[in-house]
Each structure stands twice: as C-alpha cells, then as structure tokens.
Amino acid sequence: MNNVSTTTLKMTRNFDVAPERVFDAWLNPEMMRKWFFTLEGTNKVAQNDPQVGGTWEIIDHREGKDYRAIGEYLEIDPPNKIVFTFKMPQFSESEDTITVEFREVAQGCEMTFTQIINVPHEENWTEADIEKALGEYHEGTEHGWNLMFMGLKELVETGKISFKG
C-alpha cells in the first residue's frame, strides 16, 4: 500500500464582475468547456450535475489522447462557495479536494481557491524525496491553474477566450 502526503495550494484572484458570474463559470457546462481542464477546441465532454452528491466530468482530447477529469460536488452555496473532489483516474487513484470561495469586493469579485493535493509515495521514500514530490506537485498544479484562471478571467470579463493554451 502506498503512503500519501498532502500539500495545500492556495490562490487568490480578482475579477471585474459580480461573484455570481464567476460562480456560474465553475458550474455551467457551456462555460466549463472553455476553461476548466480543457479548451473549447479540444473538449469532448463537459457534463455535470451541480448538486451535493452530484458528479462532474471533463474529457479533453490532446495529441491523439483523451484526458479525463472527474469529481463529486461536496458543497454548493451560491454564489459564495463550491467544494468538490478532483481525480484523473488514468494517472492516479488519488483524489484531491478543491474549495472555491467567492466574495464581493468594491471592484467586483475576489475568488479564493484552495486545493488539498494528495501526493502518493513509496514506502522507501525519504523525507527529502517526499518534500521534493510535494514541491513538484504543488508547482505543477499551480502552473496549471494559473493558465486556467487567465482563461477564466477573460471568459467572465469579456465572454470569450483568445489565448491558446
């Protein structure tokens, strides 16, 4: 049995639109397919059942391969908070928990994103090995969300995404 360590990634972003608009972008399949683990041009599936206990699924097709991301909604409190699980079964059995909170601020919306990243490791790993893996997962995940959040910002503020990921 592999052991698992966790690292927490926390990111904050501001949007020049109402919290409702950003909240919707996380749950509306038409908006999800434009930024959430996929882009419109490469998206095959974007479906969800946005209620507690409901599931979501994204399939992105890149370089001849399908990448599938799935999860379950644990908490939905419009337009303040969404908590859901995230998993990519083809890479790992480990499941992360993501919390997204939205707050109205003078210039629009502040979004706070928190992901508890589970990093599996082998029995014989040293503390240093584990630390290194945690750092790599944290950095890689942050980089991925950075790109996605650029798309999200453009989507909610202008209605379209121009950049190609």
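Above this text you will find the structure in question.
Residues numbered from 1 in each chain as written. Predicted model: local features only at pLDDT ≥ 70, side-chain atom pairs only at ≥ 80, totals over all residues. Heavy atoms only, no water.

Student: Quick one: what's the story with the nonpolar core, residue by residue and with numbers?
Tutor: Counting residues in hydrophobic clusters, the biggest one holds 40 residues, and the most contacted among them are Val 22, Trp 26, Trp 35, Phe 36, Trp 56, Trp 145 and Leu 152. A per-element tally of this core places helix H3 (residues 127–158) first, with nine residues. Apart from the residues lying within four places of it in its own chain, the contact partners of Leu 152 are Phe 15, Val 22, Ala 25, Trp 26, Trp 35 and Met 111. (Core = buried A, V, L, I, M, F, W, Y, C linked by side-chain atoms within 4.5 Å. Buried < 20%, exposed > 50% of the residue type's maximum accessible area, 1.4 Å probe, protein only. Helix = DSSP H or I, 4+ residues; strand = E, 2+ residues; numbered from the N terminus. Contact = heavy atoms within 4.5 Å.)

Student: Talk me through the pairing of strand S2 (residues 43–48); I want residue IDs and the actual numbers.
Tutor: Alignment of S2 against strand S3 (residues 55–62), held across five bridges, turns out to be antiparallel. Paired with Gln 47 across the two strands is Glu 57, which belongs to S3. As consecutive antiparallel partners, S2 and S3 are separated by six residues, and within that stretch Gly 53 has a phi angle of approximately 90°, a positive value. (Pairing = 2+ DSSP bridges.)

Student: Describe the layout of surface pockets, naming the residues involved and giving the relevant values.
Tutor: Empty space within the largest pocket amounts to approximately 920 Å³. Elements supplying a minimum of two residues to the lining of the largest pocket: S3, strand S4 (65–77), strand S7 (108–121) and H3. The element best represented in the lining of the largest pocket is H3, accounting for seven residues. Classifying every residue of the lining of the largest pocket gives 16 nonpolar, ten polar and five charged. (1 Å grid on protein atoms, 1.4 Å probe; cavity = no way out; pocket = protein on both sides within 12 Å on 5 of 7 lines; lining within 4 Å. Points joined across faces, edges and corners; volume = space filled by probe spheres on them. Nonpolar A, V, L, I, M, F, W, Y, C, P; charged D, E, K, R; others polar.)

Student: Give me H3: which residues, what numbers.
Tutor: With 32 residues, H3 ought to run about 46 Å at 1.5 Å a step, and its terminal C-alpha atoms sit 46 Å apart, in line with that. Regarding H3, the residues found buried are Ile 130, Ala 133, Leu 134, Thr 141, Trp 145, Met 148, Phe 149, Gly 151, Leu 152, Leu 155 and Val 156. As for H3, its buried residues are in contact with strand S1 (3–15), helix H1 (19–27), helix H2 (29–32), strand S6 (96–105) and S7. (Expected span 1.5 Å × (residues − 1).)

Student: An account of empty space enclosed by the protein is needed here, citing residue identities and associated values.
Tutor: Within this structure, the stated rule accounts for one cavity of 30 Å³ or more. The space that makes up the largest cavity amounts to roughly 30 Å³. Looking at the largest cavity, the residues that line it are Trp 26, Leu 27, Phe 36, Trp 56, Tyr 73 and Phe 84.

Student: Could you give me a rundown of the pattern of salt bridges, with the residues and numbers involved?
Tutor: In total, this model carries ten salt bridges according to the counting rule given. Residues Glu 93 and Lys 87 are paired through a salt bridge, measuring 3.2 Å at the closest nitrogen-oxygen approach. (Salt bridge = Lys/Arg side-chain N within 4 Å of Asp/Glu carboxyl O.)

Student: I'd like a rundown of the packing of aromatic side chains, residues and numbers included.
Tutor: Think of a pair of aromatic rings as described by two things: how far the centres are apart, and how the planes are tilted against each other in angle. Per the stated rule, a full pass over the model turns up 23 aromatic pairs. Here a set of aromatic residues connected by ring pairs shows up, and it is made of Trp 26, Trp 35, Phe 36, Phe 37, Trp 56, Tyr 73, Phe 84, Phe 86, Phe 113, Trp 145 and Phe 149. (Phe/Tyr/Trp six-rings, centres within 6.5 Å; stacked < 30°, edge-to-face > 60°.)

Student: Account for the sheet that holds S7, naming residues and giving values.
Tutor: Strand order in the open sheet formed by seven strands is S1-S7-S6-S5-S4-S3-S2, with antiparallel pairing between adjacent strands. Pairing within the sheet leaves two strands with one partner each, and these edge strands are S1 and S2. Strand-to-strand twist across the sheet, computed as the mean angle between neighbouring axes with direction ignored, equals 20°. Docked against the sheet, H1 engages S1, S2, S4, strand S5 (81–86), S6 and S7, running at close to 160° with respect to S6. Seen against the sheet, H3 touches S1, S6 and S7 and runs at an angle of roughly 25° to S1. (Axes fitted to C-alpha atoms, helices over the stretch in contact; angles between N-to-C directions.)

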